[in-house]
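Observations on the model geometry
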Amino acid sequence: VVLEGESYARAEIAGSTLTINRAKPTIQLTGEVKDSMLTVTAQVTGPTTGDVELSINGETVTVPAVDGIAMYTTADSGLVSLYEVTAKYVETPLYETAESLPIQIEVHVTGVALNESNFNLTIDETATLQAIVRPLNATNPAVVWHSDNEAVATVTQDGIVTALSTGTALIT
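The residue numbering used here restarts from 1 in each chain and proceeds along that chain's sequence as written. Totals for whole chains, interfaces and linings use all residues, but because this is a predicted model, local features are given only for residues with pLDDT of at least 70 and pairs of side-chain atoms are given and counted only at 80 or more. Side-chain descriptors were evaluated using all non-hydrogen atoms of the structure, hydrogens and water having been removed beforehand.

**Thoughts on the sheet that holds strand β9 (residues 69–73)**
What makes two strands pair is DSSP finding at least two bridges between them. Counting from the N terminus, the helices are the DSSP runs of H or I reaching at least four residues and the strands are the DSSP runs of E reaching at least two. Ordered in space as β5-β6-β9, the 3 strands form an open sheet in which the pairing is antiparallel. Two strands bound the open sheet, and with one partner strand each, they are β5 (26–34) and β9. Averaged over all pairs of adjacent strands, the angle between strand axes in this sheet comes to 15°, irrespective of strand direction. Where β5 meets strand β6 (residues 37–45), 9 bridges bridge the pair, whose relative direction is antiparallel. Residue pairing for β6: Thr30 is matched across the bridge by Thr41. Between the N-to-C directions of two axes lies an angle of 0 to 180 degrees, each axis being a line fitted to C-alpha atoms and, for a helix, fitted only over the stretch in contact.

**With respect to the layout of surface pockets**
Site definitions follow a grid-based scheme: protein atoms alone, a 1 Å grid, a 1.4 Å probe that fits but cannot get out for cavities, and for pockets an open set with protein on both sides within 12 Å along at least five of seven lines, plus lining residues having an atom within 4 Å of a point. Grid points are joined across faces, edges and corners, and a volume is the space filled by probe spheres set on the points. Put simply, the largest pocket is a space of about 450 Å³. Asn118, Phe119, Asn120, Thr168 and Ala169 are the residues nearest the centre of the largest pocket, which is lined by 20 residues in total. By volume, the second largest pocket amounts to about 210 Å³. Along the walls of the second largest pocket sit 13 residues, with Val33, Lys34, Asp35, His108 and Thr110 positioned nearest its centre. Of all the elements in the fold, those that place two or more residues in the lining of the second largest pocket are β5 and β12 (103–106). When residues in the lining of the second largest pocket are grouped by element, the largest group, 4 residues, is from β5.

Scope: geometric values only; no functional claims are made or implied.
Written out as structure tokens, the structure is:
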């Protein structure tokens, strides 16, 4: 059986009974966070005459599937760092459904700035560096500190720099 150019069902005739076995639609979810906004795309295979119900961190929105694709972009999401997204496809004329597996969408780090770019210490003096991770809602904002010359200066994973001897050290 072909509907709107797509083959998605099998018809069997036994005596005077017509049985149509439809292929169940499937859904594939993808998502991306950019500029504090989440864009979710649901790709539906099979008939495309229904809507997709997206659940994003517990909030549900209904989006029409156009040519098998339902796309939704959130408003500025503020400080959300991890999105739990699921989708349910409901084909309106025949009430076929397909549900996606849940996906998690992380907010990736786009940059790191330091509170100090250059400073001088005397031996045994300390200074504390602070990393400002962008965006502020990054899923994993952890920073790993490193000194390129530990004979001159060390740095703890809390960003505390200690001068040990005369010289230059690059702290990253």
